Amino acid sequence: QVHPVESGGGLVQAGGSLRLSCSASGLKFATYPMGWFRRAPGTEREFVAAITATGYTTYYGDSVKGRFTISRDNAKNTMYLQMNNLKAVDTGTYYCAAKYAGGDYDNEETYSWWGRGTQVTVSS
């Protein structure tokens, strides 16, 4: 497939949990670092988390540290985002993408191969 596919979004109460998946195919998945970004209506896209190609190192946006965990299974060509203790401010469309260029892991300009997104809605 040309683009990764996100899944696992839905409606959840504040304090609840969701697990998002990002499915891709081909050997390039294991070659690239991957990241999660999100966007709420009327706002700019925000960095959520990233992970190196082997999963050796992870990075998180300040707003999700301690609550979200990023992981990947290269044998399954899949990346995950475990989201715990969800808050209303976590509401938005979540996208996964591959990091194709060097630079900071929170710089969206270094990412490509974007998925179409999955919606997460947290009610309070």
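Structure shown above.
Residues numbered from 1 in each chain as written. Predicted model: local features only at pLDDT ≥ 70, side-chain atom pairs only at ≥ 80, totals over all residues. Heavy atoms only, no water.

A. Up close: the side chain of Thr-52. Topologically, Thr-52 is positioned in the loop between β5 (46–51) and β6 (58–60). One polar contact links the side chain of Thr-52 to the main-chain amide nitrogen of Tyr-56, over a distance of 3.1 Å. Not counting chain neighbours up to four residues away, the residues in contact with Thr-52 comprise Pro-33, Thr-57, Tyr-59, Arg-72 and Tyr-105. (Helix = DSSP H or I, 4+ residues; strand = E, 2+ residues; numbered from the N terminus. Polar contact = N/O pair within 3.5 Å; in protein donor to acceptor, adjacent residues only side chain to side chain. Contact = heavy atoms within 4.5 Å.)

B. Seen up close, the state of the cysteines. The tally for this structure, following the rule as stated, stands at one disulfide. In this model, Cys-22 is linked to Cys-96 through a disulfide, with the two sulfur atoms separated by 2.0 Å. On the sign convention where negative means left-handed, the S-S torsion of about 65° between Cys-22 and Cys-96 marks this disulfide as right-handed. Within this pair, whereas Cys-22 is found in strand β3 (residues 18–23), its partner Cys-96 is found in strand β9 (residues 92–99), the two being separated by 74 residues in sequence. Relative accessible area serves as the criterion here: at 0%, Cys-96 is assigned to the buried category. (Disulfide = S-S within 2.5 Å. Buried < 20%, exposed > 50% of the residue type's maximum accessible area, 1.4 Å probe, protein only.)

C. Representation of unusual backbone geometry. The phi torsion at Asn-77 lies on the positive side, around 55°, for a residue other than glycine. Residue position: Asn-77 is located in the loop between β7 (68–73) and β8 (78–83). The phi angle at Asn-85 is positive, at roughly 50°, despite the residue not being glycine.

D. The arrangement of the pattern of salt bridges in detail. What the rule picks out here adds up to five salt bridges. Between Arg-38 and Asp-90 there is a salt bridge, with its nearest N and O atoms 2.9 Å apart. Within this pair, whereas Arg-38 is found in strand β4 (residues 34–39), its partner Asp-90 is found in the loop between β8 and β9, the two being separated by 52 residues in sequence. Residue Arg-38 is classed as buried on the basis of its relative accessible area of 5%. (Salt bridge = Lys/Arg side-chain N within 4 Å of Asp/Glu carboxyl O.)

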